[in-house]
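One letter stands for each residue in the lines below.
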Amino acid sequence: MLEKQAERAEAMFDRDDKFRDDRLLAQMQNIVTGETNFAIRLVDTPEGRNKASMLIHKMYAWRGLEGTHALTDDPNRITLMAYGKDDPVGTLTLGMDNPCGILADQLFRHEVDRYRARKHKVCEFIKLAFNMGAQSKAYLASLIHLAVMYAYDIHRHDSLFIEVTPRHRQFYQRSLGFRQLGEEVVNPRVNVSGVLMHIDLHYMKEQIHRYGGKPDSDERSFYPLFFSQREEAGIIHRLRNLG
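We now turn to the structure provided with this report. (Residues numbered from 1 in each chain as written. Predicted model: local features only at pLDDT ≥ 70, side-chain atom pairs only at ≥ 80, totals over all residues. Heavy atoms only, no water.)

### Remarks on the overall build of the protein
Looking only at helices and strands, one finds eight helices and seven strands in the protein. Relative to its full complement of 243 residues, the protein shows a buried share of 49%. In the protein, the proportion of contacts linking residues at least 24 apart, taken out of those at least 6 apart, comes to 65%. With the model as given, the accessible surface of the protein reaches about 12,700 Å², and the carbon-plus-sulfur share is 47%. (Helix = DSSP H or I, 4+ residues; strand = E, 2+ residues; numbered from the N terminus. Buried < 20%, exposed > 50% of the residue type's maximum accessible area, 1.4 Å probe, protein only. Contact = heavy atoms within 4.5 Å. Areas by Shrake-Rupley, 256 points an atom, 1.4 Å probe, with all protein chains shown as cover.)

As structure tokens, then:
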């Protein structure tokens, strides 16, 4: 039944190229998880970027972070939006290394360059904002996992960075296995102290394949809330077909 649903979805979305990626990702989420109230979509239109920017501004302002957080059309960035029913509830942008560098270079160029010097292909998570209730952990895990698929399986990056406030450091250490690089610095973009954290994407994939899809596991990290290896393989196949 799932295969027939996928075939019908792909046939329908091929008729409308303008929103093909956005709709396919939304349908993909429903096919994989059986969710009817949650979807993840690729943000690839001015309207979508505006919605994501407003959500980021709202959530950052609530946390006392300053600055403007508008998303722009950048071929080196992929923005994903999580929807509860029809309302945007979360967003995450994957930034990929390019001749202009990544956003983390502005404050942590030395640390990032150490990985480039070792021939790592670096990328970063930026502009993460999430606003949901009791199910937020599972939905946030789905959003992060899809971004990891884009980073590792589609674009072949192996080193992932994220800048966070010191009070969020433990979450990324405990839940995903990130580790801090360097010292705290004041981030002028939001006018608060920030730290750079790093994780090897090979390690993330190992944890995903070990624990993903096992929410009843005794494992205390975020990884049991990720997709199972079989579900992941189906999503990666669809993402590759988008090209």
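### Here's the deal with the environment of Tyr152
If you trace the backbone, Tyr152 turns up in helix 5 (residues 136-154). Note on Tyr152: relative accessible area 19%, which makes it buried. With near-sequence residues (within four places) excluded, Tyr152 lies in contact with His157, Leu201, His202 and Lys205.

### Focus on the packing of helix 7 (residues 201-211) against helix 8 (residues 229-242)
Contact geometry of helix 7 with helix 8 gives a least axis separation of 8 Å together with a crossing angle of 125°. Taken as axis vectors, helix 7 and helix 8 run oblique relative to one another. Residues Lys205, Ile208 and His209 of helix 7 form the contact with helix 8, whose own contacting residues are Gln229, Glu232 and Ile236. Classifying every residue of the contact of helix 7 with helix 8 gives two nonpolar, two polar and two charged. (Axes fitted to C-alpha atoms, helices over the stretch in contact; angles between N-to-C directions. Parallel < 35°, antiparallel > 145°, perpendicular 65-115°, else oblique. Nonpolar A, V, L, I, M, F, W, Y, C, P; charged D, E, K, R; others polar.)

### Focus on the pairing of strand 7 (residues 192-200)
Relative to strand 7, strand 5 (residues 159-164) is paired through six bridges, and the arrangement is antiparallel. Paired with Ser159 across the two strands is Asp200, which belongs to strand 7. (Pairing = 2+ DSSP bridges.)

### Notes on the sheet that holds strand 6 (residues 179-187)
Strand order in the open sheet made by the seven strands is 1-2-3-4-5-7-6, with mixed pairing throughout. If you trace the sheet from one side to the other, it starts and ends with strand 1 (38-43) and strand 6, each paired once. If you compare each strand with its neighbour and ignore which way they point, the axes differ by 25° on average. Here strand 3 (residues 87-96) runs beside strand 4 (residues 122-130); their pairing, made up of six bridges, is antiparallel. Its bridge partner being in strand 4, Met96 is matched across the sheet by Cys123. Its contacts with the sheet put helix 4 (residues 105-117) on strand 4, strand 5, strand 6 and strand 7, and the angle it makes with strand 6 is roughly 155°. Together, strand 4, strand 5, strand 6 and strand 7 form the strand contacts of helix 6 (residues 169-176), whose direction differs from that of strand 7 by roughly 15°.

### With respect to helix 8
Under the 1.5 Å per step criterion, the end-to-end length of helix 8 is 20 Å for 14 residues, consistent within 8% with the ideal 20 Å. Listed as buried for helix 8 are Glu232, Ile235, Ile236, Arg238, Leu239 and Leu242. The buried side chains of helix 8 occupy one side of the element, clustering within an arc of 165° when seen end-on. Exposed side of helix 8, more than 90 degrees from the buried face: Arg230 and His237 are the residues found there. (Expected span 1.5 Å × (residues − 1). Arc of directions from axis to C-beta.)

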